[in-house]
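Letter by letter, the chains look like this.
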Amino acid sequence: MTTHGGGKRDGYRYRGTRSLVLLHEQELRRFVETWGTAKDAGIVLAGFEDPNYESLKTLLAHVLWWARDYMVWACDSLGLPDPEIRDVPLPDAIEAQLYSYLEHLLERWRAPLTEIPEERFFKPQHTTRWGADLPIEALLEHAVAHPMRHCLQLLELLEPANHPD
């Protein structure tokens, strides 16, 4: 069994992809759990100029939208079929549809990149939607870090020092 390059395990030709898909799932679930904790604690997002921070619901929609878009962009860049990830529910409906959408999103993340060989994750670089030139590997790492970053922001807002009694 190969643990890095050309062998297959769990259906992935490149184990690095498998790791990033699993890490993305783990971090997205952690973000959703933390988001729920923040909602239950009555955390209110205020004082941010970024419209993604208008409310907890808009932040949730932002994180899910990018999770969807990273895979759509990766597939498009690699010439793969559209992964058919449904659009993110609108902020007014997102809470009611959160867990069914999350499972759909994560399920649609698992298969598209399984047959791609390692070298295609590094060359060529592709221009992202925000204008950076990245290899697919770096885009997937960005996809893992995105929910981590927003999770940390919510955890900081949940710290007792940030909301006195």
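Thresholds, definitions, all that
Residues numbered from 1 in each chain as written. Predicted model: local features only at pLDDT ≥ 70, side-chain atom pairs only at ≥ 80, totals over all residues. Heavy atoms only, no water. Helix = DSSP H or I, 4+ residues; strand = E, 2+ residues; numbered from the N terminus. Rg over C-alpha atoms; globule rule 2.2 N^0.38 Å. Buried < 20%, exposed > 50% of the residue type's maximum accessible area, 1.4 Å probe, protein only. Contact = heavy atoms within 4.5 Å. Phe/Tyr/Trp six-rings, centres within 6.5 Å; stacked < 30°, edge-to-face > 60°. Core = buried A, V, L, I, M, F, W, Y, C linked by side-chain atoms within 4.5 Å. Axes fitted to C-alpha atoms, helices over the stretch in contact; angles between N-to-C directions. Parallel < 35°, antiparallel > 145°, perpendicular 65-115°, else oblique. Nonpolar A, V, L, I, M, F, W, Y, C, P; charged D, E, K, R; others polar. Bend = angle between axes of the 7 residues up to and from the residue. Expected span 1.5 Å × (residues − 1).

**Student:** Would you mind going over the overall build of the chain in detail, with residue names and values included?
**Tutor:** Scanning the chain from N- to C-terminus turns up 4 helices and 2 strands. Order of helices (α) and strands (β) in the chain, N terminus to C terminus: α-α-α-β-β-α. A compact globule built from 165 residues would reach a C-alpha radius of gyration of about 15 Å, and the chain, at 17 Å, matches this within 12%. By principal-axis analysis of the C-alpha atoms, the chain measures approximately 55 × 30 × 30 Å. Scored against the burial criterion, the 165 residues of the chain give a buried share of 45%. Within the chain, counting contacts between residues at least 6 apart in sequence, those at least 24 apart form 66% of the total.

**Student:** Give me the packing of aromatic side chains: which residues, what numbers.
**Tutor:** Overall, the coordinates contain 7 aromatic pairs when judged by the stated rule. When the centroid spacing of 5.4 Å and the interplanar angle of 40 degrees are considered together, the rings of Tyr14 and Phe121 count as tilted. Here Phe121 lies in the loop between α3 (91–110) and β1 (126–127) and Tyr14 lies in the segment before α1 (15–40), a separation of 107 residues in the sequence. When sorted by exposure, Tyr14 lands in the same class as Phe121, which is buried. A ring pair is formed by Trp65 and Trp66, whose centres lie 4.8 Å apart and whose planes are at 85 degrees; its orientation type is edge-to-face. The exposure class of Trp65 is partly exposed, given its relative accessible area of 37%.

**Student:** An account of the nonpolar core is needed here, citing residue identities and associated values.
**Tutor:** Leu28, Phe31, Leu60, Leu64, Leu105 and Trp109 are the most contacted members of the largest nonpolar core, which totals 46 residues. At 14 residues, the largest contribution of residues to this core is made by helix α2 (residues 56–78). What Leu28 contacts, discounting residues up to four positions off in sequence, is Val63, Leu64, Ala67, Leu102, Leu105, Leu106 and Pro147.

**Student:** I'd like to hear about the packing of α1 against α3, residue by residue, with values.
**Tutor:** Following both chains from N to C, one finds α1 and α3 inclined at 170 degrees, their axes separated by 10 Å at the closest point. Relative to α3, α1 is oriented roughly antiparallel. Each of Val21, His24, Glu25, Leu28, Arg29, Val32, Trp35 and Lys39 in α1 lies in contact with α3, whose residues at this interface are Glu95, Leu98, Tyr99, Leu102, Glu103, Leu105, Leu106, Trp109 and Arg110. Residues of the contact of α1 with α3, tallied by class, amount to 10 nonpolar, 1 polar and 6 charged.

**Student:** Could you give me a rundown of α3, with the residues and numbers involved?
**Tutor:** Within an α-helix, residues lying three or four positions from one another point in the same direction, as the helix has 3.6 residues per turn. Its maximal kink placed at Gln97, α3 deviates by approximately 75 degrees. Turning to α3, its buried residues are Ile94, Leu98, Tyr101, Leu102, His104, Leu105, Leu106 and Trp109.

**Student:** I'd love a proper account of helix α4 (residues 136–158), names of residues and values included.
**Tutor:** Taking 1.5 Å per residue as the helical rise, α4 with its 23 residues ought to reach 33 Å, and the 34 Å between its terminal C-alpha atoms agrees with that figure. For α4, the full list of buried residues reads Ile136, Glu137, Leu139, Leu140, Ala143, Val144, His146, Pro147, His150, Cys151, Leu154 and Leu158. Turning to α4, the residues buried within the fold contact α1, α2, α3, β1 and β2 (133–134).

This is a description of form; function is not addressed.
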